[in-house]
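# Coordinate inspection notes
One letter stands for each residue in the lines below.
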Amino acid sequence: MKQPAITFVINNNSYSLSATDVAGIRDMPSTDRQHLIALLESVKSAEALSRVAVENAVDTARKASAAPGVVRPVDYQAVKPERLGVGDADALMARLIAEENRNKKSGLTKQSIYKVFGGFAVVVFLLVILL
């Protein structure tokens, strides 16, 4: 699969590189490469922090939904005011929706309707015989 080219500017120098463009990466000045590496490391650590934030939010929601009758006070000191990115919010919502669907009880089925109707018929039959 061909990697898309990414265009960026470092120290007023414009570069358009892809992950497979070894010659273009090699032609970059060393200082610009070091700045790019530092930037990518920051992006990588921010990505890891956002994943941890999503995991914490999911765990908090899971713990809150474990006992629906119990109201627990929120510890505002433990909640970090870190904002989630657009992709993180979407991932969080998708995970919460999937967990909600997993915990949802099934609706009426044909089998349950037949059981209720059969039970009602048996009760009516017994009442007719006894009276």
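## A look at the pairing of strand E2 (residues 13-17)
As paired strands, strand E1 (residues 6-10) and E2 are joined by 5 bridges and run antiparallel to one another. From the neighbouring strand, Phe 8 faces E2, where its bridge partner is Tyr 15.

## Comments concerning the side chain of Ser 50
If you trace the backbone, Ser 50 turns up in helix H2 (residues 30-66). Classification of Ser 50 as buried rests on a relative accessible area of 7%. In terms of polar contacts, Ser 50 uses its side chain to reach the backbone carbonyl oxygen of Glu 47, at 2.8 Å.

## A few points about the pattern of salt bridges
Counting across every chain of the model gives 2 salt bridges. For Arg 51, the salt bridge identified is with Glu 47, shortest N-O distance 3.3 Å. Of this pair, Arg 51 and Glu 47 are both found in helix H2, 4 residues apart, which corresponds to roughly one turn of the helix. Residue classification places Arg 51 among the exposed positions, given a relative accessible area of 56%. Judged by relative accessible area, which is 36%, Glu 47 ranks as partly exposed. Glu 55 is paired through a salt bridge with Arg 95; the nearest N and O atoms lie 2.5 Å apart. Of this pair, Glu 55 sits in helix H2 while Arg 95 sits in helix H3 (residues 86-103); the two residues are 40 residues apart in sequence, bridging distant segments of the chain.

## Examining the nonpolar core
Phe 8, Ile 10, Tyr 15, Leu 17, Met 28 and Leu 36 together form the largest nonpolar core, which totals 6 residues. Sorting the residues of this core by element identifies E1 and E2 as the ones contributing at least two each. Setting aside residues no more than four positions away along its own chain, Leu 36 makes contact with Phe 8, Ile 10 and Met 28.

What counts as what
Residues numbered from 1 in each chain as written. Predicted model: local features only at pLDDT ≥ 70, side-chain atom pairs only at ≥ 80, totals over all residues. Heavy atoms only, no water. Pairing = 2+ DSSP bridges. Helix = DSSP H or I, 4+ residues; strand = E, 2+ residues; numbered from the N terminus. Buried < 20%, exposed > 50% of the residue type's maximum accessible area, 1.4 Å probe, protein only. Polar contact = N/O pair within 3.5 Å; in protein donor to acceptor, adjacent residues only side chain to side chain. Salt bridge = Lys/Arg side-chain N within 4 Å of Asp/Glu carboxyl O. Core = buried A, V, L, I, M, F, W, Y, C linked by side-chain atoms within 4.5 Å. Contact = heavy atoms within 4.5 Å.

Purely spatial values, then, with no claim about function.
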